[in-house]
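Structural description and commentary
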Amino acid sequence: MSQRNIRVIHEPAEERPVCTVLEALNRISGKWAIGILLNVSHGPARFTELERAVPGISRRMLTLTLRSLERDGLISRTVYATVPPKVEYRATDMAVELYSSLTALTHWAERHREAIAESREAYDRAHGRPIDAGPDC
């Protein structure tokens, strides 16, 4: 058995490398993260509200994405001591600052989606690839 893959290094928090710009962009540009962030930026949202607001997301992916966004400091989770328990998700100040960039990116994608689809079809024709009738994303 190789010893090179089992060594674990535990660095103190102050010595760990800071999240790179690319890492941060990858986290917020995930398939589901943008939809969630756009929704919670308008005000608090409950789990089922987000589930309805983000088309195609499963309960499992919603849970995982919410945890990830909470871990990154982009949303806060508040549990109210009611029966049944009420849980709300809110955008943090950092996420609210990000909102205008996300909406600009979303508007750009909406404005150019047909041109992108046409470019993909032209590329596929030129390179002998089968043209897919469905979207790539």
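Here's the deal with the pairing of strand S2 (residues 75-80)
By the bridge criterion, six bridges tie S2 to strand S3 (residues 86-91) in an arrangement that is antiparallel. Bridging from a neighbouring strand, threonine 78 pairs with glutamate 88 of S3.

Some thoughts on the nonpolar core
Ranked by internal contacts, the top residues of the largest apolar core, which has 24 residues, are Ile36, Leu37, Leu50, Leu66 and Tyr89. When contributions to this core are tallied by element, the ones reaching two or more residues are helix H2 (33-40), helix H3 (47-53), helix H4 (59-71), S3 and helix H5 (93-126). Tallying contributions element by element places H2 first for this core, with six residues. If we skip the residues at most four places from it in the chain, isoleucine 36 touches Leu50, Val54, Ile57, Leu62, Thr65, Leu66 and Leu69.

Focus on the packing of H2 against H4
Contact geometry of H2 with H4 gives a least axis separation of 10 Å together with a crossing angle of 70°. Overall, the two elements H2 and H4 adopt an arrangement that is roughly perpendicular. As for the relative orientation of H2 and H4, their crossing is right-handed in sense. Here Ala33, Ile36 and Leu37 of H2 lie close against H4, whose contacting residues are Leu62, Thr65, Leu66 and Leu69. Residue composition of the contact of H2 with H4, grouped by class: six nonpolar, one polar and no charged.

Details of the sheet that holds S3
The strand order S1-S3-S2 describes an open sheet built from three strands, whose pairing is antiparallel. Taken across any chain shown, the strands that pair with only one partner, and hence form the sheet edges, are strand S1 (45-46) and S2.

Parameters at a glance
Residues numbered from 1 in each chain as written. Predicted model: local features only at pLDDT ≥ 70, side-chain atom pairs only at ≥ 80, totals over all residues. Heavy atoms only, no water. Pairing = 2+ DSSP bridges. Helix = DSSP H or I, 4+ residues; strand = E, 2+ residues; numbered from the N terminus. Core = buried A, V, L, I, M, F, W, Y, C linked by side-chain atoms within 4.5 Å. Buried < 20%, exposed > 50% of the residue type's maximum accessible area, 1.4 Å probe, protein only. Contact = heavy atoms within 4.5 Å. Axes fitted to C-alpha atoms, helices over the stretch in contact; angles between N-to-C directions. Parallel < 35°, antiparallel > 145°, perpendicular 65-115°, else oblique. Left-handed = near helix turned anticlockwise from the far one by under 90°. Nonpolar A, V, L, I, M, F, W, Y, C, P; charged D, E, K, R; others polar.

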